[in-house]
Amino acid sequence: MPRVALTPEAADVLRRLRADHGELMFHQSGGCCDGSAPMCYPAGEFRTGSADVHLGDLAVGEFTVPVWMSAAQFEHWSHTHLTIDVVPGRGSGFSLEAPLGVRFLVRSRLLDEEEL
């Protein structure tokens, strides 16, 4: 069972961003302000390491987008399934979608016992 998914609207934004920026990645740090929102970066621009958890790879047609979360944040979200969505408005971070007038956000649901 994948731990992360995305909405068709978010997939459309990712296709546009990939055309402009190449390979992409998401990271959710859990910091203040927009740190709890998923940030989209060009692949490799945000360095991940042992303090991060790879939640999975989002399939967007012919390409995939890896999704990472800080291990500290994952402790709080480990019992949930996350769906990356997009809504109108600008976040205050460095995420690639900001100039488009939209922002990514996470919608969550509790995992069933058999999904844990």
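Just so you know, these numbers come straight off a predicted model, no measurement behind them. The written sequence of each chain sets the order in which its residues are numbered from 1. Whole-chain, interface and lining totals are the exception, using all residues; otherwise, since this is a predicted model, local features are given only for residues with pLDDT of at least 70 and side-chain atom pairs are given and counted only at 80 or more. Processing note: side-chain calculations cover all non-hydrogen atoms of the structure and skip hydrogens and water entirely.

## Looking at the pattern of salt bridges
Step number 1: Between Lys or Arg on one side and Asp or Glu on the other, a salt bridge is scored when a side-chain nitrogen of the former is within 4 Å of a carboxyl oxygen of the latter. Evaluated as defined, the whole model comprises four salt bridges.
Step number 2: A salt bridge links Arg18 to Glu23; the nearest nitrogen and oxygen atoms lie 2.5 Å apart.
Step number 3: One salt bridge in this structure joins Arg109 and Glu115, with 3.0 Å as the shortest N-O distance.
Step number 4: Given a relative accessible area of 19%, Glu115 falls into the buried group. A 1.4 Å probe rolled over the protein chains alone gives each residue an accessible area, and that area as a share of the maximum for its type sets the label: buried under 20%, exposed over 50%, partly exposed in between.

## Overview of the pairing of strand 6 (residues 80–88)
Step number 1: Burial analysis of strand 6 places seven of its nine residues in the buried class, which makes it a mostly covered element.
Step number 2: When DSSP finds two or more bridges between two strands, those strands count as paired. The helix and strand labels rest on DSSP assignments: H or I over at least four residues marks a helix, E over at least two residues marks a strand, and numbering proceeds from the N terminus. Looking at chain direction, strand 1 (residues 4–6) and strand 6 are connected through three bridges and run parallel. For Ala5, the partnering residue across the bridge sits in strand 6 and is Thr83.
Step number 3: Bridging between strand 6 and strand 7 (residues 102–110) involves nine bridges; their strand directions are antiparallel. The partner of Thr83 across the bridge, within strand 7, is Arg107.

## Digging into the nonpolar core
Soluble, globular proteins show a tendency: their nonpolar side chains are buried together.
Step number 1: Only buried residues count toward a nonpolar core, which is a set of Ala, Val, Leu, Ile, Met, Phe, Trp, Tyr and Cys residues joined through side-chain atoms within 4.5 Å. Membership of the largest hydrophobic core comes to 25 residues, with the highest contact counts inside it found for Leu14, Phe26, Ile84 and Phe104.
Step number 2: Listing elements by their share of this core, those giving two or more residues are strand 1, helix 1 (8–21), strand 2 (24–28), strand 4 (52–60), strand 5 (63–70), strand 6 and strand 7.
Step number 3: Sorting elements by how many residues they give to this core places helix 1 first, with five residues.

## As for the sheet that holds strand 7
Step number 1: Judged by pairing direction, the sheet is mixed, and its three strands sit side by side in the order 1-6-7 without closing on themselves. Edge positions in the sheet fall to strand 1 and strand 7, since each of these pairs with one other strand and no more. If you compare each strand with its neighbour and ignore which way they point, the axes differ by 25° on average.
Step number 2: Any pair of residues with heavy atoms lying within 4.5 Å of one another is described as a contacting pair. In this description, a line fitted to the C-alpha atoms serves as the axis of each element, helices being fitted only across the stretch in contact, and the angle between N-to-C directions of two axes falls anywhere from 0 to 180 degrees. Across the sheet, helix 1 is in contact with strand 1, strand 6 and strand 7; its angle to strand 6 comes to roughly 65°.

## Concerning the sheet that holds strand 3 (residues 39–42)
Step number 1: Here we have four strands laid out as an open sheet, ordered 3-2-5-4, and mixed in their pairing. Strand pairing shows two members of the sheet lacking a second neighbour, strand 3 and strand 4, which therefore form its edges. Taken over all neighbouring pairs, the strand axes of this sheet differ in orientation by 25° on average, direction set aside.
Step number 2: Sheet topology note: the strand 2/strand 5 ladder contains three bridges and is parallel. Looking across to strand 5, one finds that His27 is bridged to Trp68.

## Considerations on the environment of Thr64
Step number 1: Take Thr64: it is sitting in strand 5.
Step number 2: Residues Thr64 and Leu24, spaced 40 residues apart in sequence, show a C-alpha to C-alpha distance of 8.2 Å.

So far we have only geometry, and geometry alone does not tell us how the molecule works.
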